[in-house]
Amino acid sequence: MTTIPELDTTGRQFLLIALGGCRGGRNTVIDWATQAIAVGRSVTVHVQDQLDLSPIEQAVAGSRTGARIAIAGPEYDVMQALAAIQACGALPCEVRSYVTSTGTISLFCPHCAHTHRVETRPGSAHECPSCRLLLDVRVHRNSHRGSYLGSVAA
């Protein structure tokens with residue numbers, strides 16, 4: 001986990017998203033909302049216990065110039081939401097994220113081209129649930145897929 005990033009209060013409106021039903025994500029979003037409201041900005045908050053990208057994509061699509069998006073929650077959920085937000089056209093400078101817990105990640109297998117939710121960490125090896133090849137889980141993340149990249153283990 002990292003230090004909670006400061007909210008870019010130069011934004012005109014804020015979409016704040018707490019994912020995974022975790023206390024850390026909700027508390028982070030409350031802190032961000034307090035910061036935005038303190039400088040007189042408009043705030044919309046989404047709280048999801050189970051990841052559902054559709055309402056996030058709709059909210060991002062409805063955003064206007066000057067919007068800022070901030071997401072907090074477990075790593076898998078945050079990575080998936082970041083990929084969806086990027087696909088909707090949000091720029092990296094408009095988005096902040098904070099991972100509240102690690103352990104479950106999204107892993108892309110280059111052999112079978114499938115992405116899976118797995119319990120492992122970068123730097124370890126993990127068997128692909130589809131093709132059963134042993135993959136080295138790379139530290140590199142693919143922002144378009146919202147996943148870590150695997151490579152066939154030697």
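Look above for the structure.
Residues numbered from 1 in each chain as written. Predicted model: local features only at pLDDT ≥ 70, side-chain atom pairs only at ≥ 80, totals over all residues. Heavy atoms only, no water.

K.L.:
Help me get a handle on the overall build of the protein, residues and values and all.
P.N.:
Assigned secondary structure in the protein consists of three helices and nine strands. The order of helices and strands in the protein, counted from the N terminus, is β-α-β-α-β-α-β-β-β-β-β-β. Relative to a compact globule of 154 residues, whose C-alpha radius of gyration would be 15 Å, the protein shows 16 Å and is just as compact. Each principal axis of the C-alpha distribution contributes one length, and for the protein these read about 55 × 30 × 25 Å. Counting only residues that meet the buried cut, the protein has 40% of its 154 residues in that class. In the protein, 60% of the contacts between residues at least 6 apart in sequence involve partners at least 24 apart. Total accessible area on the protein is roughly 8,200 Å²; 50% of this is exposed by carbon and sulfur atoms. Of the charged side chains in the protein, 13 are positive and 12 negative, and the gap between their average positions amounts to 4 Å. (Helix = DSSP H or I, 4+ residues; strand = E, 2+ residues; numbered from the N terminus. Rg over C-alpha atoms; globule rule 2.2 N^0.38 Å. Buried < 20%, exposed > 50% of the residue type's maximum accessible area, 1.4 Å probe, protein only. Contact = heavy atoms within 4.5 Å. Areas by Shrake-Rupley, 256 points an atom, 1.4 Å probe, with all protein chains shown as cover. Lys, Arg positive; Asp, Glu negative; His and termini not counted. Charge placed at Lys NZ, Arg CZ, Asp CG, Glu CD.)

K.L.:
Account for the nonpolar core, naming residues and giving values.
P.N.:
In this structure, Ile17, Ile56, Ile69, Ile71 and Ile85 are the most contacted members of the largest nonpolar core, which totals 14 residues. Of all the elements in the fold, those that place two or more residues in this core are β1 (13-19), α2 (53-61), β3 (67-74), α3 (75-87) and β4 (95-101). Among all residues touching Ile56, those that are not within four sequence positions of it are Ile17, Leu19, Gln48, Ala81 and Ile85. By size, the runner-up hydrophobic cluster in this structure holds 11 residues, among which are Leu7, Leu16, Ala18 and Ala72. (Core = buried A, V, L, I, M, F, W, Y, C linked by side-chain atoms within 4.5 Å.)

K.L.:
Quick rundown of the packing of aromatic side chains? Include the residues and the values.
P.N.:
What the rule picks out here adds up to zero aromatic pairs. When the ring centre of Tyr76 is taken as origin, the NZ or CZ atom of Arg117, which lies over that ring, is 4.0 Å away. (Phe/Tyr/Trp six-rings, centres within 6.5 Å; stacked < 30°, edge-to-face > 60°. Lys NZ or Arg CZ within 6 Å of the ring centre and 35° of its normal.)

K.L.:
Can you break down the packing of α2 against α3 residue by residue, with the values?
P.N.:
Interaxial distance between α2 and α3 falls to 9 Å at its minimum, and their mutual angle equals 40 degrees. Considering the relative orientation of α2 and α3, their crossing is right-handed. Residues Leu53, Ile56, Glu57 and Val60 of α2 lie in contact with α3, whose contacting residues are Gln80, Ala81, Ala84 and Ile85. Class assignment of the residues belonging to the contact of α2 with α3 gives a composition of six nonpolar, one polar and one charged. (Axes fitted to C-alpha atoms, helices over the stretch in contact; angles between N-to-C directions. Left-handed = near helix turned anticlockwise from the far one by under 90°. Nonpolar A, V, L, I, M, F, W, Y, C, P; charged D, E, K, R; others polar.)

K.L.:
So what about the environment of Ser124? Which residues, and what values?
P.N.:
Along the polypeptide, Ser124 turns up in the loop between β6 (115-119) and β7 (125-127). Look at Ser124 and you get partly exposed, because its relative accessible area is 24%. Through-space distance from the C-alpha of Ser124 to that of Asp136 is 6.0 Å; in sequence the pair is 12 residues apart. Ignoring anything within four residues of it in the chain, the contact list for Ser124 reads Leu135, Asp136 and Val137. Of the polar contacts made by the side chain of Ser124, one reaches the backbone oxygen of Arg121; its length is 2.5 Å. (Polar contact = N/O pair within 3.5 Å; in protein donor to acceptor, adjacent residues only side chain to side chain.)

K.L.:
Just give me the short version of α3, but keep the residues and values in it.
P.N.:
With 13 residues, α3 should reach 18 Å at 1.5 Å per residue; the first-to-last C-alpha distance of 18 Å fits that figure. With 10 of 13 residues buried, α3 lies mostly within the body of the structure. Three or more residues of α3 are buried, namely Glu75, Tyr76, Asp77, Val78, Met79, Gln80, Ala81, Ala83, Ala84 and Ile85. In the stretch just after α3, Gly89 is the one whose phi turns positive, near 105 degrees. (Expected span 1.5 Å × (residues − 1).)

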